[in-house]
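Structural characterization, general
Now for the letters of each chain:
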Amino acid sequence: ALLRCLSGEAARPPNETESKYYISVHSLNEGLKRPLDEINQKLGGNQRWQTYGVGEDAILCYLQGPPSVPISIVVEPDTALGRTSVKVKDLNTETDVCSFKCPPDNHPFAKSLPAGPYQIMPEVTAPAKPPKKMTIFVEPLRQRLWKVKV
């Protein structure tokens, strides 16, 4: 879990004082829970991360670029799966980065994306009303599951 966090899962995005993604004492503290829970579930473990008296934040390392973040997209309701496809567009480059359709893709749809802003664009065959596009921000310490309601 610690190595996953130091590889980017606990990264904070660039801001007004830092020009690169970075991992700090506080972001590491915040980021360890998710990978530790995943590893415990996968291996049947019971490891915990607990801190006492964490002081001021300090940067531990910088990343060379945006970290890769695993995301999941769920189409709701399940009855709409066969007639719904979902495109994901990178808003930095204005390019489509992936698309999902069930079948053949497994649901929930899963992919790792570089951190940054994206748009989720559901397309439904014969919709009662057009589905809404969603702008999402893929960041290591943020939400990783998005629901598309059609």
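All residue numbers refer to position in the chain's written sequence, counted from 1. Reporting in this predicted model follows two pLDDT cut-offs: at least 70 for local features of residues, and 80 or more for side-chain atom pairs to be given and counted; totals over whole chains, interfaces and linings ignore these cut-offs and use all residues. For the side-chain quantities, the full set of heavy atoms in the structure was used; hydrogens and water were omitted.

1. Points about a nonpolar patch on the surface
Patch building starts from residues that exceed 30% relative accessible area and form no salt bridge, then joins like charges within 9 Å and nonpolar side chains (Val, Leu, Ile, Met, Phe, Trp, Tyr) within 5 Å. Using a 1.4 Å probe, accessible areas were evaluated by the Shrake-Rupley method; residue-level cover was limited to the displayed protein chains. Salt bridge, as used here, is a side-chain nitrogen of Lys or Arg placed within 4 Å of a carboxyl oxygen of Asp or Glu. A contiguous nonpolar surface patch, about 240 Å² in accessible area, is contributed by Leu-2, Leu-6 and Leu-60. For Leu-6, the position within the fold is in helix α1 (residues 2-9). With a relative accessible area of 31%, Leu-6 lands in the partly exposed category. Comment: elements are numbered from the N terminus, with helices defined as DSSP H or I runs of at least four residues and strands as E runs of at least two. For every residue, the accessible area (1.4 Å probe, protein chains only) is compared with the maximum for its type, and the residue is labelled buried under 20%, exposed over 50%, or partly exposed between those bounds.

2. Here's the deal with the sheet that holds strand β7 (residues 116-124)
Paired strands are those between which DSSP finds at least two bridges. Pairing is antiparallel across the open sheet formed by four strands, whose spatial order is β5-β4-β7-β8. Both edges of this open sheet fall to β5 (95-101) and β8 (134-138), since each of them pairs with a single strand only. Across the sheet, the axes of successive neighbouring strands diverge by a mean angle of 25°, strand direction being ignored. Here strand β4 (residues 84-90) pairs with β5 via six bridges, running antiparallel. Opposite Lys-89, over in β5, you have Asp-96 as the bridge partner. Axis geometry follows a simple rule: fit a line to the C-alpha atoms, using only the stretch in contact for helices, then measure angles between N-to-C directions, giving values from 0 to 180 degrees.

3. As for the sheet that holds strand β9 (residues 145-149)
As summarised here, the arrangement of the three strands in space is β6-β3-β9, forming an open sheet in which the pairing is mixed. Two strands close off the open sheet at either side, each with one partner strand: β6 (109-114) and β9. Pairwise comparison of adjacent strand axes, ignoring direction, gives a mean angle of 30° for this sheet. Where strand β3 (residues 68-76) meets β6, six bridges bridge the pair, whose relative direction is antiparallel. Pairing of Ser-68 across the sheet is with Pro-114, part of β6.

4. Section: the pattern of salt bridges
Inspection of every chain in the model, using the stated rule, returns nine salt bridges. Put simply, Glu-76 and Lys-147 hold a salt bridge, and the shortest N to O gap is 3.7 Å. In this pair, Glu-76 is assigned in strand β3 and Lys-147 in strand β9, connecting sequence segments 71 residues apart. Taking the relative accessible area as the measure of exposure, Glu-76 reaches 24% and is therefore partly exposed.

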